[in-house]
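Each chain, written out:
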Amino acid sequence: MGDKTNSLTITETDLLHELSQLIEQSKNQVAVQANSAVTVLFWQVGNRINQNILQNKRAEYGKQIVPTVSAQLEKKYGRNFTEKNVRRMLRFAEQFADFQIVVTLSRQLSWSHFVELLPLKTIESKLFYAQNASNNLFGIRELRRQIALKGYKRASIADAQIVESTQIPFNTFKDPYILDLLGLQNTYLEKDLEDAILRELETFILELGKGFAFVERQKRMIIDGEDFYLDLLFYHRKLKRLVAVELKLGRFQAKHKGQMELYLKWLDKYEKQEGENTPIGLILCAESSREQIELLEMHRDGIVVAEYWTDLPPKKQFEEKIHLLLAEAKERIERKKLL
């Protein structure tokens, strides 16, 4: 057999030369930008090969060019350019088609982060987890955990309570919240749940999402000479608004809406600072009442209801439950469109 390089066509040789130039240029980047430069380089390699395959317009060519080019690149530049990894680069460039988004995300995310995102089904879910990982500086392990816990689908379920015109932006809340790391036993009181959240505040805020900062526990409000106490008060830095959180051990009841409305109006009148937006509320219940929630249209008052799960079900059961909740949420969205 002859040398593999000699078997390359002129077009393929030109392509190999162009890819080599990209790699050489990347190797000269400043060391502190190395991680970002590698990710951007892999996108450029994948994009350029994709373009070459499209220009050739022969299916057989597409099958041949990747093994041929990757063998040459691996020989010259090492194991980063195995056929398996080069195929990942092609998928990466195809799935993350906007180069500027890749450049921005690559400042915080490594190539390994993007490899974790490639198997996800939709570009919306990929961008959700990528942005979440970038904002929260997640390592690979935490990113895998967020994907396993269906963070994107849980945000979509919560978003079904929201419409465009309301004061609650999409992806602010999730439903359900997974509080298995709080270590609660089968029987506990509302105060036990609150105590566990405060003990594991960092874990709870991680589950809430980027931007939440703890303000106060058992916020006292005096209304008509009577004392009222809000369970937990947070501030969302990005949204520039207070977020009231009420914890309910049982199923959601319609009366919970009136209680939260009262708290939010008090906070808006007495606690909201100049330049801040209207406070919003999250009611966390052990069990939701989805028809009541839909009928009450609480999003109009800046309130979202979500379940919390203190035990994480087995993987298959968990995925089935989330899938069912998401299907129900999509049905509610379609009903809203009809109205």
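Residues numbered from 1 in each chain as written. Predicted model: local features only at pLDDT ≥ 70, side-chain atom pairs only at ≥ 80, totals over all residues. Heavy atoms only, no water.

**Concerning the pairing of strand E3 (residues 226-236)**
Heads up, the condition is: Between any two strands, pairing holds if DSSP finds at least two bridges. Helix and strand assignments follow DSSP, with helices taken as H or I runs no shorter than four residues and strands as E runs no shorter than two, numbered in order from the N terminus.
One ladder, built from 10 bridges, connects strand E2 (residues 212-223) with E3; its direction is antiparallel. Across the sheet, residue Glu-216 finds its bridge partner in E3, namely Leu-233. The antiparallel hairpin formed by E2 and E3 contains 2 residues in its connecting segment, where Asp-224 sits at a positive phi of about 55°. In the sheet, E3 pairs with strand E4 (residues 241-251) via 5 bridges, with the strands oriented antiparallel. By the bridge assignment, Phe-234 is partnered in E4 with Val-243. A loop of 4 residues connects E3 with E4, the two strands running antiparallel in sequence, and Lys-240 in this loop sits at a positive phi of about 55°.

**Thoughts on the packing of aromatic side chains**
Here is the rule: Planes of paired rings set the category: under 30 degrees apart is stacked, over 60 is edge-to-face and the rest tilted, where pairs are Phe, Tyr or Trp rings (Trp by its six-membered ring) whose centres lie within 6.5 Å. Under the scheme applied here, a residue whose accessible area is under 20% of the maximum for its type counts as buried, over 50% as exposed, and between as partly exposed, the area being computed with a 1.4 Å probe on protein chains only. In our convention, an over-ring charge means Lys NZ or Arg CZ found within 6 Å of a ring centre and within 35 degrees of that ring's normal.
Per the stated rule, a full pass over the model turns up 16 aromatic pairs. Measuring from ring centre to ring centre gives 5.3 Å for Phe-92 and Trp-111, while their planes differ by 70°; the resulting arrangement is edge-to-face. One end of the pair, Phe-92, is in helix H4 (residues 83-95); the other, Trp-111, is in helix H6 (residues 111-117), with 19 residues separating them in the sequence. You'll find Phe-92 and Trp-111 in the same group, each marked buried. Note on Phe-212 and Phe-234: the rings are 6.3 Å apart at their centroids and 85° apart in plane angle, and the pair reads as edge-to-face. Separated by 22 residues along the polypeptide, Phe-212 in strand E2 and Phe-234 in strand E3 bring together distant segments of the chain. The pair formed by Phe-212 and Phe-234 is uniform in burial state, with each residue classed as buried. Following the ring pairs from residue to residue traces out a cluster consisting of Phe-42, Tyr-77, Phe-81, Phe-92, Phe-96, Trp-111 and Phe-114. Over the ring of Trp-309 we find Lys-321; its NZ or CZ atom is 4.4 Å from the centre of that ring.

**Overview of unusual backbone geometry**
Between Asp-175 and Pro-176 the backbone carries a cis peptide bond, its omega angle lying at 0°. On the secondary structure map, Pro-176 appears in the loop between helix H9 (151-159) and strand E1 (177-178). In this structure, Leu-137 is a non-glycine residue whose phi angle is positive, near 55°. Residue classification places Leu-137 among the exposed residues on the basis of a relative accessible area of 60%.

**As for the layout of surface pockets**
Rules: Of the two site types, the cavity is a set of points on a 1 Å grid over the protein atoms alone where a 1.4 Å probe fits but cannot get out, and the pocket is an open set with protein on both sides within 12 Å along at least five of seven lines, each lined by residues with an atom within 4 Å of a point. Grid points are joined across faces, edges and corners, and a volume is the space filled by probe spheres set on the points. Each residue is assigned to one of three groups, with Ala, Val, Leu, Ile, Met, Phe, Trp, Tyr, Cys and Pro labelled nonpolar, Asp, Glu, Lys and Arg labelled charged, and all others, Gly among them, labelled polar.
As a volume, the largest pocket reaches approximately 650 Å³. Considering the residues around the largest pocket, the lining is formed by 23 residues, among which Ser-125, Tyr-129, Lys-150, Tyr-152 and Lys-153 are closest to the centre. If you list the elements that add at least two residues to the lining of the largest pocket, you get helix H7 (123-136), helix H8 (140-148), H9 and helix H14 (315-338). When grouped by side-chain class, the residues that make up the lining of the largest pocket number 13 nonpolar, 3 polar and 7 charged. Size it by volume and the second largest pocket reaches roughly 530 Å³. The wall of the second largest pocket is formed by 25 residues, among which Asn-132, Asn-135, Asn-171, Lys-210 and Lys-238 lie closest to the centre. Of all the secondary structure elements, the ones that give two or more residues to the lining of the second largest pocket are H7 and helix H11 (201-208).

**Focus: the sheet that holds E4**
As a reminder, the rule being used: Residue contacts are counted whenever heavy atoms from the two residues lie within 4.5 Å of one another. Each axis is a line fitted through C-alpha atoms, and for a helix only the stretch in contact is used; angles between axes span 0 to 180 degrees, taken between their N-to-C directions.
The strand order across the open sheet formed by 6 strands is E1-E6-E5-E4-E3-E2, and the pairing between neighbours is mixed. Edge strands, defined here as strands with exactly one partner in the open sheet, are E1 and E2. Sheet analysis places E1 next to strand E6 (residues 303-309), joined by 2 bridges and oriented parallel. Note that in E6 the partner of Ile-178 across the bridge is Trp-309. Lying over the sheet, H11 contacts E1, E2, E3 and strand E5 (280-287), oriented at roughly 70° with respect to E3.

**With respect to the packing of H7 against H9**
This is how it is decided: Oblique is the label for any angle not covered by the other classes, which are roughly parallel (under 35 degrees), roughly antiparallel (over 145) and roughly perpendicular (65 to 115).
Interhelical geometry of H7 versus H9 gives an angle of 105° and a closest axis separation of 9 Å. Compared by their axis directions, H7 and H9 come out roughly perpendicular. Of the residues in H9, those touching H7 at Glu-124, Ser-125, Phe-128 and Tyr-129 are Gly-151, Tyr-152 and Ala-155. Among the residues forming the contact of H7 with H9, the class breakdown is 4 nonpolar, 2 polar and 1 charged.

**Regarding empty space enclosed by the protein**
By the definition in use, this model includes 1 cavity of 30 Å³ or more. In this structure, the largest cavity spans a volume of roughly 90 Å³. Contributions of two or more residues to the lining of the largest cavity are made by H8 and H11. Element by element, the count of residues in the lining of the largest cavity is highest for H11, at 4 residues. Of the residues contributing to the lining of the largest cavity, the split by class is 6 nonpolar, 2 polar and 3 charged.

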